[in-house]
Number of protein chains: 2
Amino acid sequence: MKDSTAEKPANIGAESRQDAHLDRVFHALSDPTRRAIVQRLSQSSGTVSTLAEPFDMSLNAVSKHLKVLEHAKLITRDIVGRTSVCSLNVDPLQNATEWITQYTQFWTDVLDSFESHLDTDASENHTSIEKDACS
Amino acid sequence: MKDSTAEKPANIGAESRQDAHLDRVFHALSDPTRRAIVQRLSQSSGTVSTLAEPFDMSLNAVSKHLKVLEHAKLITRDIVGRTSVCSLNVDPLQNATEWITQYTQFWTDVLDSFESHLDTDASENHTSIEKDACS
DNA sequence: GTTATATTCAACCAAATGGTTTAGGGTTTG
DNA sequence: CAAACCCTAAACCATTTGGTTGAATATAAC
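Calculation criteria
- Residues numbered from 1 in each chain as written.
- Chains lettered and ligands numbered in written order.
- Predicted model: local features only at pLDDT ≥ 70, side-chain atom pairs only at ≥ 80, totals over all residues.
- Heavy atoms only, no water.
- Near = heavy atom within 4 Å.
- Polar contact = N/O pair within 3.5 Å; in protein donor to acceptor, adjacent residues only side chain to side chain.
- Helix = DSSP H or I, 4+ residues; strand = E, 2+ residues; numbered from the N terminus.
- Nonpolar A, V, L, I, M, F, W, Y, C, P; charged D, E, K, R; others polar.
- Phe/Tyr/Trp six-rings, centres within 6.5 Å; stacked < 30°, edge-to-face > 60°.
- Buried < 20%, exposed > 50% of the residue type's maximum accessible area, 1.4 Å probe, protein only.

**Side note on the protein's contact with DNA strand C**
Of all residues adjacent to DNA strand C, which total 22 residues, the nearest are Ser49 and Asn60 of chain A together with Lys64, His65 and Gly81 of chain B. For DNA strand C, the backbone portion of the atoms within 4 Å of the protein, that is sugar and phosphate, comes to 57%. Taking Ser84 of chain A, its main chain carries an N or O atom lying 3.1 Å from a phosphate oxygen of DNA strand C. Contributing elements (two or more residues each) for the surface near DNA strand C: helix H3 (48–52), helix H4 (59–71) and strand S3 (83–88) of chain A together with helix H4 (59–71) of chain B. Considering only residue class, the surface near DNA strand C consists of 4 nonpolar, 11 polar and 7 charged.

Have a look at this one:
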């Protein structure tokens, strides 16, 4: 249901460009301050000091967080006068969800068909996967 | 479709349990080795040595990665004999996508209606958001 | 031109991360 | 029992991270 020719099995341990970008995106989202900034920017663009204002930390710290987000291409900057206006870019967020749903969707599909197949059983934990362990 | 009363605006900088869990999930996914493990586990459960085999690193390193995934509740372990069988748990993955799509979905909706509103214009960059900068 | 404002850069620091090696605890197997 | 096997624990190391402070740069305002 996906590509089957373009994806080389690849020696695990070699890291593609795409992978490196996902690294940065997920890492950027792994910090509560940065997630709050993304949240905030989803409503409107903002300058650095505007974005820094709600947080109990130095402006420089927020500036660094913004640089992390920028490096992950989650935000773009627009320098206007002496201010730097940051805007959200949702592309990497969609890449991230695509990566995740590749696996969640698979399992929800499988489990849906599984449950509809024996539609009277009460499965107490239908999210942990046991399948065939180490064939 | 979700809670709307339970979410307090919260002093930014205070971190809820939910947030701390998202921290761990996103952090867990920010490493290519761990993502490869998740990928691998989405097909079948596996023992630690089975999971470690494709990687060019010590077993202990993989063991640590698994502990990170376990701490993020992305995997569960089932100790059988002297082996530890790891299985994927998709719940946190769904939490992560829910958090992300909260913002991507908003914008794709907005931009969809925007584009359908002036349905002849060619917008060259409809993913970077500029809106009202620092009202 | 001087001063205030907005932001970045650089140096520094403690703590966490990702890896290693060595040792140890259970569990099978001979 | 002894030896091999699977895995975790602990100590160690280099690098990164997330924060600080202080100086530097550039624009705006006076």
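The structure having been displayed, the exposition proceeds.
**Notes on the packing of aromatic side chains**
Evaluation of the coordinates by the stated rule reveals 5 aromatic pairs over all chains. Ring plane angle 75° and centroid distance 6.2 Å describe the contact between Phe26 of chain A and Trp99 of chain A, whose orientation is recorded as edge-to-face. With Phe26 of chain A in helix H1 (residues 17–29) and Trp99 of chain A in helix H5 (residues 91–117), the pair connects residues that are 73 residues apart, well separated along the chain. Each of the two residues, Phe26 of chain A as well as Trp99 of chain A, counts as buried. Geometrically, the ring pair formed by Trp99 of chain B and Tyr103 of chain B is edge-to-face, given 4.8 Å between the ring centres and 65° between the ring planes. Of this pair, Trp99 of chain B and Tyr103 of chain B both sit in helix H5 (residues 91–117), 4 residues apart, which is roughly one turn of the helix. Owing to a relative accessible area of 6%, Tyr103 of chain B belongs among the buried residues under this scheme. Grouped by ring-pair contacts, the aromatic residues Phe26, Trp99 and Tyr103 of chain A together with Phe26, Trp99 and Tyr103 of chain B constitute a single cluster.

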